[in-house]
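# An overview of the molecular structure
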Amino acid sequence: MLQLNVKNESSRLRTVVLGSAINNGPTPTADEAYDPKSLEHILAGTYPIEKDMIAEMEAFNQVFQKYDVKVYRPEMIENYNQIFARDIGFVIDDIFIKANILPDRERELDAIQYIIDQIDPAKVVRPPEEVHIEGGDVILYNDYIFIGTYKGSDYKDYITARTNMAGVNYIKNLFPNKIVKEFDLVKSKIEARDNALHLDCCFQPVGKNKGIIYKSGFREEADYMFLVNLFGKENLFHITRDEMYSMNSNVFSIALDVVVSEKSFTRLNNWLRDNGFTVEEIPYAEIAKQEGLLRCSTLPLIRD
């Protein structure tokens, strides 16, 4: 049995699910795009091709091998995008939560069922239908659970609004001993530079007490200030609108002092090194065209 344990974003990683780009299917049509960034690349003819994405994910896999991390991959579904494992489930403490994702992505959960079958069934939960929550919106920081949401009255009109307040309340009830703090995120169906698809698109902790943040990703300044006050402004790396668009906050920690990052994130990677981190740089810019990056591609199961 898998003894799940995830309490934060940066403790030493032992076991993870890494998505897959194999048999990814044809380029979607404009009508099939889930987010404005994918749409932008579909229309421009620059949508990523399968062999490039497979190569990027293999580079990520090689870093995991280097650090002796046990890696699970989803079973292959033909002609289907299975890159973003974070959307379909997530672990808090020792509980595996199946995400209520967009209905036509349900098959992605089936493809990792062989992993879920290795978990104590009492530790696997599925929220009720009205609860919307995706792993990219759930960030763990020891006693805190940070959750990205969208509080606009037009929630149902936004395919980019992935976690609702019912999702926030579900997690509050499931983990009464944690401090659950929701953040109202900026959403756009048409401009990717103004769309925080998930919380990890505009904020993520790294190390013990540092973080990467995009101030304009938050609809309320008070939410941004909450994080500034908690972490200290000097411990936060502020990214620009273009850096947010390139997914600079969506890196992935293997340990307190090891971060996997996209090789083009020069400013961020220098800051990380200046702050004592080992930065494992890999190419991931093609996958980023789908408004997801390193954290989105992973589903950690066990950390120290």
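Below or above, wherever it landed, is the structure these notes cover.

Parameters at a glance
Residues numbered from 1 in each chain as written. Predicted model: local features only at pLDDT ≥ 70, side-chain atom pairs only at ≥ 80, totals over all residues. Heavy atoms only, no water. Buried < 20%, exposed > 50% of the residue type's maximum accessible area, 1.4 Å probe, protein only. Helix = DSSP H or I, 4+ residues; strand = E, 2+ residues; numbered from the N terminus. Pairing = 2+ DSSP bridges. Phe/Tyr/Trp six-rings, centres within 6.5 Å; stacked < 30°, edge-to-face > 60°. Lys NZ or Arg CZ within 6 Å of the ring centre and 35° of its normal. Axes fitted to C-alpha atoms, helices over the stretch in contact; angles between N-to-C directions. Contact = heavy atoms within 4.5 Å.

Let's shift gears to the pairing of strand β6 (residues 138–141). Residues Val-138 and Leu-140 of β6 are buried on one face, and the alternating residues Ile-139 and Tyr-141, pointing to the opposite face, are buried as well. Strand direction decides the pairing type here: β6 and strand β7 (residues 144–149), joined by four bridges, are antiparallel. When the bridges of β7 are listed, Ile-139 appears paired with Phe-146. Here β6 hands over to β7 after two residues, with Asn-142 in that stretch at a positive phi of 60 degrees.

Let us now look at the packing of aromatic side chains. Here the structure, examined in full by the defined rule, presents 17 aromatic pairs. Seen from their ring centres, Phe-183 and Phe-218 are 5.8 Å apart, and the 65 degrees between their planes marks the pair as edge-to-face. Note that Phe-183 is positioned in strand β8 (residues 179–184) and Phe-218 in the loop between β10 (210–213) and α6 (221–231), a separation of 35 residues in sequence. Taken together through their ring pairs, the aromatic side chains of Tyr-141, Tyr-144, Phe-146, Phe-183, Phe-203, Phe-218, Phe-226 and Phe-231 make up a single cluster. In this arrangement the basic side chain of Lys-181 is found over the ring face of Phe-183, its NZ or CZ atom lying 5.3 Å from the centre.

Next up on the list: the sheet that holds strand β15 (residues 298–303). Taking strand neighbours across the sheet as the criterion, the three strands line up as β2-β1-β15 in an open arrangement whose pairing is mixed. Taken across any chain shown, the strands that pair with only one partner, and hence form the sheet edges, are β2 (70–72) and β15. In this sheet, adjacent strand axes meet at a mean angle of 20 degrees when their direction is disregarded. Pairing analysis gives five bridges linking strand β1 (residues 13–18) to β15, with the strands arranged antiparallel. In the strand pairing of β15, Thr-15 is matched with Ile-302. Helix-sheet contacts for helix α2 (residues 50–66) involve β1, β2 and β15, and the interaxial angle to β1 is about 160 degrees.

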